[in-house]
Amino acid sequence: MTISGLIFYALAAIILAATLLAITRRNPMHAIVYLVVSFFGMAPLFYLLGAPLLALLEIIIYAGAIMVLFIFIVMMLKIGAGPVARGQWLRQWLPAVVLSALSGMIMVMLIWQEPAQQAVLPLAMAGPRELGIFVYQRYWLAVEIASLLLFVALVGAYYLGRKGPEPEGEP
Amino acid sequence: MIAPYSQVLILASVIFIMGAACCVARRNLIMILVGVEIMLNAAALAFIAASLHWGHLDGQAFVIFIFAVASAEVAVGLALIVHVHRRTGTVLADDYSQLKG
């Protein structure tokens with residue numbers, strides 16, 4: 001096993017542990033902090049798989065902007081751990097576990113079925129310059145559509161979040 | 001030499017399934033959005049691994065668009081949560097049962 005393989009397995013263990021802790025915490029704030037750990041583990045993995053620009057974007061956008069937005073909302077709404085409902089485990093985690101086991105089995109079977117996918121990944125790196133030139137040559141229309149989507153999301157978030165008069169028909 | 005492609009795919013699918021389980025099992029709307037984030041991140045990991053496996057840059061280009069869609073989705077989703085919290089005073093999905101009568 002090479003040094004990059006060791007790094008991959010260590011990062012995979014960190015990501016899996018942090019994600020598992022994140023989805024099982026009852027307090028949303030703890031879950032979000034564990035999720036930040038998971039995203040920070042994901043960024044070196046992206047770098048290892050040859051995407052340095054995306055590794056930086058992962059830290060800046062995901063761990064930086066999106067998670068801070070989550071934390072702001074949790075602080076603004078004063079969301080705590082919430083009450084424990086009776087029979088909650090059976091009603092909610094049992095379907096989730098059954099769904100996870102089924103789809104996990106199917107995914108692993110599909111992945112192992114294909115012998116070409118046993119090929120070991122090489123070490124390669126696509127720098128930001130190549131990626132930027134590629135995106136703007138091949139996907140310039142998609143970049144424009146993504147910018148339009150972000151603009152619509154901005155307007156929509158402002159419209160939903162504004163403090164206006166209550167709509168009619170409100171009790 | 002990093003690791004077999006299949007192991008990276010299995011890692012991505014396990015993370016994706018964790019996100020799906022989080023969406024199904026949790027009642028808190030914030031945790032449901034967190035599950036969606038985990039799923040989008042797992043898809044990004046699978047795209048990057050595929051991009052490395054086949055030596056094309058298309059996968060990495062799609063991950064940029066996944067990031068854009070994730071940010072837009074989080075902005076609108078959190079605005080919806082704030083709006084619904086202002087109207088009903090709760091963020092638990094079980095409490096939205098007004099239509100039951």
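Every chain is numbered on its own, with residues counted from 1 as its sequence reads. Note on labels: chains are lettered from A, ligands numbered from 1, in written order. It should be noted that, the model being predicted, local features are given only for residues of pLDDT at least 70 and side-chain atom pairs only at 80 or more, the latter also being counted only at that level, while totals for whole chains, interfaces and linings use all residues.

Enquirer: Could you clarify how one ought to interpret the overall build of chain B in this entry?
Expert: Put simply, DSSP H or I for four residues or longer makes a helix, DSSP E for two residues or longer makes a strand, and each gets a number counted from the N terminus. Assigned secondary structure in chain B consists of three helices and zero strands. From first element to last, N terminus to C terminus, chain B shows the α and β order α-α-α. Two things to know: the radius of gyration comes from C-alpha atoms, and the globule rule equals 2.2 Å times the number of residues to the power 0.38. For 101 residues, the compact-globule formula gives about 13 Å, and the C-alpha radius of gyration of chain B, at 17 Å, lies well above that figure. Seen through its C-alpha atoms, chain B measures out along the principal axes to roughly 60 × 25 × 20 Å. Buried, partly exposed and exposed are defined by the number of other C-beta atoms within 10 Å of a residue's own C-beta, namely 20 or more, between the two limits, and 12 or fewer respectively, with C-beta atoms placed from the backbone. Within chain B, the proportion of its 101 residues that are buried is 53%. Within chain B, counting contacts between residues at least 6 apart in sequence, those at least 24 apart form 46% of the total. Contact definition: two residues whose C-beta atoms, as placed from backbone geometry, lie within 7 Å.

Enquirer: Mind showing me how you'd approach the overall build of chain A here?
Expert: Helix and strand content of chain A: six helices and zero strands. Listing every helix and strand of chain A by position from the N terminus yields α-α-α-α-α-α. A principal-axis box enclosing the C-alpha atoms of chain A has dimensions of 65 × 45 × 25 Å. By the burial criterion, 23% of the 171 residues in chain A qualify as buried. In chain A, the share of contacts with a sequence separation of at least 24, taken over all contacts with a separation of at least 6, comes to 55%.

Enquirer: Help me understand the nonpolar core in this model?
Expert: Among soluble globular proteins, nonpolar side chains are generally buried collectively. Nonpolar cores are built from buried Ala, Val, Leu, Ile, Met, Phe, Trp, Tyr and Cys residues. These are joined into a set through C-beta atoms within 7 Å. If you look at the biggest cluster of nonpolar residues, it comprises 74 residues, and the most contacted ones within it are Ala12(B), Ile15(B), Ile30(B), Val34(B), Leu45(B), Ile48(B) and Ala49(B). When residues of this core are traced back to their parent elements, those giving at least two are α1 (3-24), α2 (28-48), α3 (52-77), α5 (128-138) and α6 (140-161) of chain A together with α1 (5-25), α2 (29-54) and α3 (58-88) of chain B. Considering each element in turn, this core owes the most residues, 14 residues, to α2(B). No fewer than three residues from each of domain 1 (1-81) and domain 2 (126-161) of chain A sit in this core. In contact with Ala12(B), not counting residues within four places along its chain, are Ala42(B), Leu45(B), Ala46(B) and Ala49(B). Boundary definitions for the domains trace back to an automatic or database domain assignment.

Enquirer: Help me understand the interface of chain B and chain A in this model?
Expert: Often the size quoted for an interface is simply the accessible area lost on bringing the parts together. Facing 57 residues of chain B, the contacting portion of chain A comprises 73 residues. At the level of elements, α1, α2 and α3 of chain B are the ones that each hand at least two residues to the side of chain B that touches chain A. In terms of residue count, α3(B) provides more of the side of chain B that touches chain A than any other element does, 21 residues in total. Under the convention adopted here, Pro, Cys and the residues Ala, Val, Leu, Ile, Met, Phe, Trp and Tyr are nonpolar, Asp, Glu, Lys and Arg are charged, and Gly plus all remaining residues are polar. Here the side of chain B that touches chain A is built from residues that sort into 46 nonpolar, 10 polar and one charged.

Enquirer: What is the right way to look at the confidence of the model for chain A in this model?
Expert: Caution applies to low-pLDDT parts of the model: their predicted coordinates are not meant to be read in detail. Looking at chain A as a whole, the pLDDT averages 86, with 92% of positions reaching at least 70. Within a predicted model, pLDDT stands for the predictor's per-residue confidence, ranging from 0 to 100. For chain A, per-element mean pLDDT is lowest for helix α4 (residues 88-113) of chain A, which scores 84, and highest for α2(A), which scores 93.

Enquirer: Is there a simple way to think about the packing of α2(A) against α2(B) in this case?
Expert: Relative placement of two packed helices is described by the angle separating their axes and the distance separating the axes. Taken N-terminus to C-terminus, the directions of α2(A) and α2(B) make an angle of 5 degrees; their axes are 11 Å apart at the nearest point. Classified by the interaxial angle, the pair formed by α2(A) and α2(B) is roughly parallel. Contacts from Pro28(A), Ala31(A), Ile32(A), Leu35(A), Phe39(A), Met42(A), Leu45(A) and Phe46(A) in α2(A) reach Ile30(B), Met31(B), Val34(B), Asn41(B), Leu45(B) and Ile48(B) in α2(B). Orientation is described by axes fitted as lines to C-alpha atoms, over the contacting stretch for helices, and by angles from 0 to 180 degrees between their N-to-C directions. Angular relationships are summarised with four words: roughly parallel below 35 degrees, roughly antiparallel beyond 145, roughly perpendicular across 65 to 115, and oblique for the angles in between.

Enquirer: Teacher, can you tell me more about the environment of Ser103(A) here?
Expert: Note that Ser103(A) resides in helix α4. Ser103(A) sits 67 residues away from Val36(A) along the chain, and the two C-alpha atoms are 26 Å apart.

Enquirer: How do you make sense of the domain arrangement of chain A when you look at a structure like this?
Expert: Residue and element names in this part refer to chain A. Split into domains, chain A comes out as domain 1 (1-81) and domain 2 (126-161). Computed from C-alpha atoms alone, the centre-to-centre distance between domain 1 and domain 2 is 23 Å. Between domain 1 and domain 2, the contact holds four residues from the first and four residues from the second. For the side of domain 1 that touches domain 2, a count of residues per class yields three nonpolar, one polar and no charged.

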